Amino acid sequence: MRRIPELDGLRGVAVLLVMAHHATSGLPHGGFLGVDVFFTLSGFLITSLLLAEVERTGGVDFRAFYARRALRLFPALLALLVTFVIVYLAFDLWTPRDTFAAALVVLGYASNWARALGWGVDLGPLDHTWSLSIEEQFYLLWPALFVALHRLLRRPRLILSALALLVAALCVYRACLFSDDAVLRLYNGFDTHADGLLVGCAVAYLPSAGLQPRRVPAGLVAACAAGFALLVLTLKYTDAFYYRGGLTLVALGVGLVLVWLASEGGGALRAALRLPPLSWVGRISYGLYLWHYFVFVSVPHLEGWRPGSRLALNAVLSFAAAALSFYLVERPFLRLKGRFTVKGRADAGEPRVVVLSDRYATSK
C-alpha cells in the first residue's frame with residue numbers, strides 16, 4: 001500500500017482544530033469538525049489495509065486485525081485512564097464510585113452511548129472519548145461487513161455503490177430523526193455519525209474499481225477547503241444544517257481531499273500538509289487527542305495567571321504528555337504489530353483466515 005505523507009499533515013490539522021475548539025470555549029465554533037476528518041481518515045486507512053491484506057493473502061485474518069488495532073490504540077488509552085484514576089482519587093476530585101464508573105465506561109468503549117442515551121455517568125475529563133468509542137465500534141463491525149460485501153457483491157463497483165447507498169440512507173435517517181432535543185443522541189450515536197467512516201471506506205475502493213482519477217482539479221480542492229474553513233468558523237454542532245445534510249457534505253469534502261492526495265500533482269496546499277512540524281503533530285495526534293482534554297479540564301485555573309498564559313501552559317502540558325505517550329508507550333507497542341502481519345498467499349485451509357475470491361481485485 002503506497003504511503004501518502006500528506007495524511008500526517010491532515011491529521012495534524014484535525015487535532016489542532018479540536019484542541020482550539022476545546023481550549024477557547026468552543027471557538028472556532030466548528031473546530032469539532034476535526035473529529036469528522038479523523039473519521040473519514042479512519043475509514044479510508046482501515047479499508048485500504050484490509051484491501052491490501054486481501055491482495056497479499058487472499059483473505060482477512062480477523063485475530064491479527066484486532067491484535068494490531070489493540071496494539072495501536074489500547075496501551076495509550078490505558079495510560080490515560082490509569083493517570084485519571086490516580087490523579088482524581090489522590091486529589092479527592094471525584095468520589096471513587098464516579099471515578100471508576102467513568103473509567104469503566106471509557107474502557108468498554110461505550111462513552112458515546114453514555115452521552116447519547118444519558119446513562120448518568122459523568123465522564124468529565126474523559127468526555128472527548130466518545131469519538132474513540134465510535135471508531136472502536138467501527139473496527140469491531142467493519143471487517144465482518146467487509147467480508148460479507150465481498151462475498152455477496154464481489155465486484156468493487158457494486159461494493160462502492162452499496163457504500164454510497166448506505167451514506168445516502170444514513171443522511172436521510174438522521175434528518176428524519178432530527179429535533180433540538182435529539183442533538184446529543186444524533187451527535188454521539190454510532191448509527192447517526194458514521195458518514196465519514198463510510199465515505200472513507202468508499203474512497204479506498206476507488207482504485208480497485210478503476211475510478212481513481214490521475215488528477216483532481218485544483219479549483220475543486222480549493223473550493224472544498226474554503227467551504228470547510230467557513231464551516232469551521234461558523235458552524236455549531238447544534239445547528240440543524242449539520243444533521244440535515246451538513247455532516248454528509250463535510251465527509252464528502254474530506255473524501256474529495258483524500259482522492260486528491262492519492263492522485264498526482266503538487267500545489268501549495270499539498271506542500272503545506274508536508275511541512276515537518278505539522279507532520280510531527282499528525283504523528284502524535286492520537287496522544288494529543290487523548291491527553292489535551294484531560295489537561296484542559298484537570299489543570300486548575302491558576303490565580304494570577306492570565307487566560308493566554310493558562311492556554312500556553314495547557315498547550316505545553318498537552319504536547320509534552322502526547323510526546324511521552326508516543327515515544328514511550330505507543331511506539332514500543334507499534335513495533336509488535338509486525339508479529340500480526342500476514343504475508344504471502346493464505347492457505348485456504350487455514351481456519352483463522354477468511355478467504356475471499358480473487359475476482360474482487362480484477363473485476364471492474
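Quick notes on the rules
Residues numbered from 1 in each chain as written. Predicted model: local features only at pLDDT ≥ 70, side-chain atom pairs only at ≥ 80, totals over all residues. Heavy atoms only, no water. Helix = DSSP H or I, 4+ residues; strand = E, 2+ residues; numbered from the N terminus. Polar contact = N/O pair within 3.5 Å; in protein donor to acceptor, adjacent residues only side chain to side chain. Contact = heavy atoms within 4.5 Å. Buried < 20%, exposed > 50% of the residue type's maximum accessible area, 1.4 Å probe, protein only. Expected span 1.5 Å × (residues − 1). pLDDT = per-residue confidence, 0-100. Core = buried A, V, L, I, M, F, W, Y, C linked by side-chain atoms within 4.5 Å. Salt bridge = Lys/Arg side-chain N within 4 Å of Asp/Glu carboxyl O.

(A) A look at unusual backbone geometry. The phi dihedral of Asp92 is positive, around 50°, even though this residue is not glycine. Inspection of the secondary structure puts Asp92 in the loop between helix H3 (62-90) and helix H4 (96-107). In the Ramachandran plot, Arg154 falls in the positive-phi region, its phi being about 65° despite a non-glycine side chain. Among the secondary structure elements, Arg154 is positioned in the loop between helix H6 (130-152) and helix H7 (156-177).

(B) Examining the side chain of Ser298 more closely. Tracing the chain through its elements places Ser298 in helix H14 (residues 285-298). Within the local environment of Ser298, its side chain forms a polar contact with the backbone oxygen of Phe294, the two atoms lying 2.7 Å apart. What Ser298 contacts, discounting residues up to four positions off in sequence, is Tyr88 and Pro125.

(C) Molecular detail of the side chain of Thr99. With respect to the helices, strands and loops of the structure, Thr99 is situated in helix H4. For Thr99, a relative accessible area of 0% gives the class buried. Ignoring anything within four residues of it in the chain, the contact list for Thr99 reads Phe84, Val85, Tyr88, Leu89 and Trp94.

(D) Fine view of H6. Look at H6: 32 Å from first C-alpha to last across 23 residues, which is about the 33 Å you get at 1.5 Å a residue. Backbone geometry just after H6 places Arg154 at a positive phi near 65°.

(E) Examining the confidence of the model for the chain more closely. Chain-level statistics for the chain give a pLDDT mean of 90 and a share of 91% at 70 or above. Per-element confidence in the chain ranges from a low mean pLDDT of 38 for helix H16 (residues 359-362) to a high of 98 for helix H8 (residues 183-188). Long-range and interchain partners of residues 346-355, a stretch whose pLDDT sits below 50, account for 20 contacts in this model, where long-range means more than four residues apart. Here residues 357-364 is modelled with pLDDT under 50, and outside its nearest four sequence neighbours on either side it reaches 18 contacts, counting other chains as well.

(F) Examining the nonpolar core more closely. Formed by 106 residues in total, the largest nonpolar core has its most connected members in Leu33, Leu77, Phe84, Trp142 and Phe146. By residue number, the principal contributor to this core is helix H2 (residues 33-57), which donates twelve residues.

(G) Representation of the pattern of salt bridges. Overall, the coordinates contain ten salt bridges when judged by the stated rule. For Glu330, the salt bridge goes to Arg72, with nearest N and O atoms at 3.1 Å. Within this pair, whereas Glu330 is found in helix H15 (residues 307-334), its partner Arg72 is found in helix H3, the two being separated by 258 residues in sequence. Judged by its relative accessible area of 1%, Glu330 falls in the buried class. Note that Arg174 is salt-bridged to Asp195, the shortest N-O span being 2.7 Å. Residue Arg174 is located in helix H7, and its partner Asp195 is located in helix H9 (residues 195-205); the two are separated by 21 residues in the primary sequence. Pair check on accessibility: Arg174 and Asp195 agree, each one buried.

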